Amino acid sequence: MSKPSPEPWRVKVVEPIRRIERAEREERLRRAGYNLFDIASEHIYIDLLTDSGTSAMSDSQWAGLMRGDESYAGGRNFYFLQETVREIFGFPHFIPTHQGRVAENLLFSTVLKPGDVVPNNTHFDTTRANVEVNGGVALDLVIPEGKQVHSRHPFKGNMDLDRLDRCLGENAGRVPLVMLTMTNNSGGGQPVSLENVRGTRDVCRRHGVPLLIDACRFAENAWFIRQREAGQADRPVREIVREVFSLADGCTMSAKKDGLANIGGFLALRDEAWVERLKNKLILIEGFPTYGGLAGRDLEAMALGLREVLNEDYLAFRVGQVTAFGEALAEDGIPVVEPIGGHAVYIDGRGFAPHLPPEQYPGQALTVALYQEGGIRSVEIGGVMFGKPDPARPGREILPDLDLVRLAVPRRVYTNTHLEYVAEVIRAVYRAPERMRGIRIVHQAPVLRHFTARFELI
Ligand SMILES: Cc1ncc(COP(=O)(O)O)c(C=O)c1O
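This is a predicted model, so every value here is computed, not measured. (Residues numbered from 1 in each chain as written. Predicted model: local features only at pLDDT ≥ 70, side-chain atom pairs only at ≥ 80, totals over all residues. Heavy atoms only, no water.)

### Observations regarding a nonpolar patch on the surface
Then, number 1: A contiguous nonpolar patch, built from Tyr72, Ile283 and Phe288 and spanning about 310 Å² of accessible area, is present on the exposed surface.
Then, number 2: Of note, Tyr72 is situated in the loop between helix H2 (59–65) and helix H3 (76–89).
Then, number 3: On the basis of relative accessible area, Tyr72 is assigned to the exposed category, the value being 55%. (Patch = residues over 30% accessible without salt bridge, like charges linked within 9 Å, V, L, I, M, F, W, Y side chains within 5 Å. Areas by Shrake-Rupley, 256 points an atom, 1.4 Å probe, with all protein chains shown as cover. Salt bridge = Lys/Arg side-chain N within 4 Å of Asp/Glu carboxyl O. Helix = DSSP H or I, 4+ residues; strand = E, 2+ residues; numbered from the N terminus. Buried < 20%, exposed > 50% of the residue type's maximum accessible area, 1.4 Å probe, protein only.)

### Describing unusual backbone geometry
Then, number 1: The amide bond that connects Met182 to the next residue, Thr183, takes the cis arrangement and shows omega of -10°.
Then, number 2: Residues Glu338 and Pro339 are joined by a peptide bond in cis, for which omega reads -10°.
Then, number 3: Summarising the element assignment, Pro339 is placed in the loop between helix H12 (312–331) and strand S9 (344–348).
Then, number 4: One non-glycine residue, Tyr361, lies in positive phi territory at about 50°.
Then, number 5: In this structure, Tyr361 sits in the loop between helix H13 (349–352) and helix H14 (362–374).
Then, number 6: Tyr361 gets classed as buried once you look at its relative accessible area, which sits at 7%.
Then, number 7: Although it is not a glycine, Arg412 adopts a positive phi angle of roughly 65°.
Then, number 8: Among the secondary structure elements, Arg412 is positioned in the loop between strand S14 (404–408) and helix H16 (416–431).
Then, number 9: Given the relative accessible area of 16%, Arg412 is considered buried.

### Comments concerning empty space enclosed by the protein
Then, number 1: As enumerated under the stated definition, the model contains 2 cavities of 30 Å³ or more in all.
Then, number 2: Put simply, the largest cavity is a space of about 70 Å³.
Then, number 3: What lines the largest cavity is simply Asn35, Leu36, Phe37, Gln364, Thr367, Ser378, Val379, Glu380, Val384, His450 and Phe455.
Then, number 4: Of all the secondary structure elements, the ones that give two or more residues to the lining of the largest cavity are H14 and strand S11 (379–381).
Then, number 5: In terms of residue class, the lining of the largest cavity is built from 5 nonpolar, 5 polar and 1 charged.
Then, number 6: Mapped onto the lining of the second largest cavity, the elements with two or more residues apiece are helix H8 (218–228) and helix H9 (237–246).
Then, number 7: Here the element with the most residues in the lining of the second largest cavity is H8; it accounts for 4 residues.
Then, number 8: Residues of the lining of the second largest cavity, tallied by class, amount to 7 nonpolar, 1 polar and no charged. (1 Å grid on protein atoms, 1.4 Å probe; cavity = no way out; pocket = protein on both sides within 12 Å on 5 of 7 lines; lining within 4 Å. Points joined across faces, edges and corners; volume = space filled by probe spheres on them. Nonpolar A, V, L, I, M, F, W, Y, C, P; charged D, E, K, R; others polar.)

### Considerations on the layout of surface pockets
Then, number 1: Taken as a whole, the largest pocket spans an internal volume of roughly 1500 Å³.
Then, number 2: Along its surface, the largest pocket is lined by 38 residues, and Val13, Glu15, Ala56, Arg412 and Val413 are the ones closest to its centre.
Then, number 3: Looking at the lining of the largest pocket, the elements that each hand over two or more residues are H2 and H12.
Then, number 4: Considered class by class, the residues forming the lining of the largest pocket number 17 nonpolar, 10 polar and 11 charged.
Then, number 5: Considering only enclosed or pocket space, the second largest pocket measures out at about 510 Å³ in volume.
Then, number 6: Thr50, Ser52, Arg101, Phe124 and Lys257 are the residues nearest the centre of the second largest pocket, which is lined by 29 residues in total.

### Thoughts on helix H5 (residues 125–133)
For an α-helix, the turn length of 3.6 residues means that residues three or four places apart are oriented alike.
Then, number 1: Burial within H5 is extensive, with 7 of its 9 residues counted as buried.
Then, number 2: Of the residues making up H5, those classed as buried are Asp125, Thr126, Thr127, Arg128, Ala129, Asn130 and Val131.
Then, number 3: On the buried face of H5, the contacting elements are helix H4 (100–111), strand S3 (117–120), strand S4 (137–140), strand S5 (178–181), strand S6 (211–214) and helix H15 (383–386).
Then, number 4: Looking one or two residues beyond H5, the residue adopting positive phi is Gly135, at roughly 85°. (Contact = heavy atoms within 4.5 Å.)

### Thoughts on the side chain of Asn171
Then, number 1: As for its placement among the helices and strands, Asn171 is situated in the loop between helix H6 (161–170) and S5.
Then, number 2: Within the structure, the side chain of Asn171 is placed 2.9 Å from the backbone oxygen of Cys167, a separation counted as a polar contact. (Polar contact = N/O pair within 3.5 Å; in protein donor to acceptor, adjacent residues only side chain to side chain.)

### Observations concerning the sheet that holds S9
Then, number 1: Reading across from one edge, S9-S14-S11 is the order of the 3 strands in this open sheet, with antiparallel pairing throughout. Where the open sheet ends on each side, the last strands, each with one partner, are S9 and S11. This sheet shows a mean twist of 35° between the axes of neighbouring strands, independent of strand direction.
Then, number 2: Bridge count between S11 and S14: 3 bridges; the pairing is antiparallel. Looking at S14, one finds that Ile381 is bridged to Leu404. (Pairing = 2+ DSSP bridges. Axes fitted to C-alpha atoms, helices over the stretch in contact; angles between N-to-C directions.)

### Regarding the packing of aromatic side chains
Then, number 1: Summed over all chains, the structure comprises 14 aromatic pairs.
Then, number 2: Between Trp9 and Phe317, the aromatic rings sit 5.9 Å apart at their centres with planes inclined by 85°, giving edge-to-face as the arrangement. Here Trp9, found in the segment before helix H1 (22–31), pairs with Phe317, found in helix H12; they are 308 residues apart in sequence, far enough to count as distant.
Then, number 3: The exposure class of Trp9 is partly exposed, given its relative accessible area of 23%.
Then, number 4: Ring geometry for Phe91 against Phe245: centres 6.1 Å apart, planes inclined by 85°, an arrangement best described as edge-to-face. With Phe91 in the loop between H3 and strand S2 (93–97) and Phe245 in helix H9, this residue pair connects regions lying 154 residues apart in the sequence. When sorted by exposure, Phe91 lands in the same class as Phe245, which is buried. (Phe/Tyr/Trp six-rings, centres within 6.5 Å; stacked < 30°, edge-to-face > 60°.)

Dropping the structure here:
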């Protein structure tokens, strides 16, 4: 097992956390309809629900908040952020939004026509929802290894280039853009290689289709490229990032991940063609294009975070911490997606609880068990999140290939000791999986049902 290196920061402010009693945890679960999204954070001990918007900001970012220029138009923080985005990603056009899904909403509501097809390595849930709500078809074309829990392929987030080529050929005129999500969140936080970005760009070019990157975890992806790809070991991460994005026509970004900010996002583009329409839409739904639904201080925090995330000591610790956590579980036989991803450890729910049939959502059952046992919050990325009614079998669902539980590690928040505690709780549940009960959905919304669904234990 790799040993995590010590934290490359020291603590200046503390936020107390508390583990409530087991009986209270069970009562809270019952009241929440066994949906961890519906439990107040004060009743969570270790919160691994998401790495999104949960980062601890640095002293420099907190100081930056005081430099917030809250003018309605043309505030200085906008220009600093614009310069930062140009410098890091190389895109001349930049539109701030208050989070990533608004960038997706703007993009797909502007460029997509009903019946259009959008290929991606794997759509994240908000990306898929934004494609589908605008009448598009979201296709996931990740390489086959990306769906195999135990494949040790170093870049399991790669796009399947043959399938992409065929897809663009068969759907000529109906593909407004291709996306690459890096790292590939819904497929286990797995990276995309530089070579694969080049290959994807070549296929897109041959078919005259723009390539956009979902850049949420761009720095972690670049770190993996440096660690794992031949010829990249001696390159500065900043340079790798620049090359990756030089191959694309634009990106959507949630700065709540590798922006090390608690809120923020953007859309950046090389070409002017869509910019005017996107800005008009932005004014309608977010605000003037120099603040995009954010306060000036948020723009400042985002700009500073984008610069800090490229610090290589930080990245070595960050990815190393998550790897050590995941490998410690794998060593004890717990079925985790390997190699370990960048921002999270993903447990294979079906492998963890083989006594539960896939229709009883073993992943969701595991999220319940981890809270019951140790006050830990995780999230299911499987049947509950992606299951769809099966038109051929009324009352049954088409379930996704993987039923995962994601333990997302917030950036700069938990120490190695916290993660050792989490590993201990997971081991305790694994030793007695028969105590885990299956799950039945009793209420669901028509889109993104996992946020608000209510369940019963079977
Ligand atoms: C890969 C990916 N894309 C898009 C988003 C959406 O970003 P946001 O939550 O800021 O709307 C997320 C958020 O988790 C994500 O992981």
